[in-house]
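Here's the letter readout for the chains.
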Amino acid sequence: MRGGEQDLRAGLKALQLELTDSQVGQLLDYQDLIGKWTKVYNLTAVRDPVEMMTHHLLDSLAAVPPLRRHLRKTGQEQGACLLDVGSGAGLPGVVIAICCPEVAVTCVDTVAKKAAFIKQAALALKLPNLSGLHARVETITTLFDVICSRAFASLADFTQWSGDALASHGVWMAMKGKQPAEELASLPPTVEVFHVEQLQVPGLDAERCIVWMRCKSAAAGLDQQG
Ligand SMILES: C[S@@+](CC[C@H](N)C(=O)[O-])C[C@H]1O[C@@H](n2cnc3c(N)ncnc32)[C@H](O)[C@@H]1O
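Given the structure is predicted, the values throughout are model-derived calculations rather than measurements. Throughout, a residue's number is its position along its own chain's written sequence, starting from 1. Given that the model is predicted, a residue must reach a pLDDT of at least 70 before its local features are reported, and side-chain atom pairs must reach 80 or more before they are shown or counted; all residues, however, enter totals for whole chains, interfaces and linings. In computing side-chain values, all of the structure's heavy atoms are included and hydrogens and water are not.

## Re the site of the ligand
Residue proximity to a molecule or strand is established when one non-hydrogen atom of the residue lies within 4 Å of it. The environment of the ligand is formed by 15 residues, the closest being Gly86, Leu91, Asp109, Glu138 and Arg150. Whenever two N or O atoms come within 3.5 Å, that pair is a polar contact, provided that in protein one can donate a hydrogen and the other can accept it, and provided that, for residues adjacent in sequence, both atoms are side-chain atoms. Between a nitrogen atom of the ligand and a main-chain N or O atom of Leu91, the distance comes to 2.8 Å. When the free accessible area of the ligand is taken as 600 Å², the share hidden by the protein chains comes to 78%. When residues are sorted by character, Ala, Val, Leu, Ile, Met, Phe, Trp, Tyr, Cys and Pro go into the nonpolar class, Asp, Glu, Lys and Arg into the charged class, and all the rest, Gly among them, into the polar class. Split by residue class, the shell around the ligand holds six nonpolar, four polar and five charged. Only the protein chains shown count as cover for residues, and the accessible areas themselves come from Shrake-Rupley with a 1.4 Å probe.

## Overview of the nonpolar core
Nonpolar side chains in soluble globular proteins tend to be buried together. Formed by 55 residues in total, the largest nonpolar core has its most connected members in Leu8, Tyr30, Leu61, Val95, Phe117 and Leu130. Helix and strand definitions follow DSSP, with helices as H or I runs of at least four residues and strands as E runs of at least two, each counted in order from the N terminus. Considering every element that reaches this core, the biggest residue donor is helix α2 (residues 21–41), with seven residues. Among the nonpolar cores identified, the runner-up in size contains 19 residues, and Val85, Leu155, Ala165 and Val191 belong to it. What is meant by a nonpolar core is a set of buried Ala, Val, Leu, Ile, Met, Phe, Trp, Tyr and Cys residues, joined one to another through side-chain atoms within 4.5 Å. Using a 1.4 Å probe on the protein chains alone, a residue whose accessible area is under 20% of its type maximum counts as buried, one over 50% counts as exposed, and one in between counts as partly exposed.

## Some thoughts on helix α1 (residues 5–14)
For α1, the full list of buried residues reads Glu5, Leu8, Gly11 and Leu12. The buried residues of α1 occupy an angular sector of 125° when projected down its axis, which confines them to one face. Opposite the buried face of α1, at more than 90 degrees from it, the exposed residues are Gln6, Lys13 and Ala14. The positive-phi residue at the C-terminal boundary of α1 is Gln16, with phi of around 55°. In this description, the arc belongs to the directions extending from the helix axis to the C-beta atoms.

This is the structure:
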């Protein structure tokens, strides 16, 4: 077995996330690639491989089952477009691109070396559904079905800055630690929180959740359609 593979497979089992051997290999290759680039470009503060597995890979993998459930429920299992805002080294965007080959993932970051790393990861890991974009999210007007973020900004800033990129039926998926009561209370009236989902990350003794949001006007339209 490769370094980290046993922990990864145990984590996937705990998450009840079934992946092919090839996807498991891509995740391990991705972890190695982050390690190599971080030595030169300081992509992430987490350098210890064990911590990298729990804090980054398994934490991002924990978001995959909820995402798959959302796509299945909304009939978007094939061909959905997802934007990962402030994706840094590609968390969770690259992990999602590996686990969900049918989803087109764009990772955007203001830092050029981080966007360059995503482009390199797409080539090295053979992920045709992954692209890296060097831009501020506020400038993006292409529409996405799901806009996600992890360790990014307050919910209010995240939804405001990426609002022009959300399709009318689209949703925001914000990965957070403890349920962010103050941030939830500070959201503008145009944003509706329709679900706060607790996450259990194997090996991580910390509260994690996903805050699912959508535009209120869009939600009213969906309700009218029944
Ligand atoms: C704390 S890092 C989180 C990285 C990654 N999502 C993770 O969980 O490890 C936040 C990232 O957001 C990027 N960022 C900050 N403001 C941004 C903006 N307006 N548009 C796009 N990216 C931005 C930063 O360059 C940084 O890489």
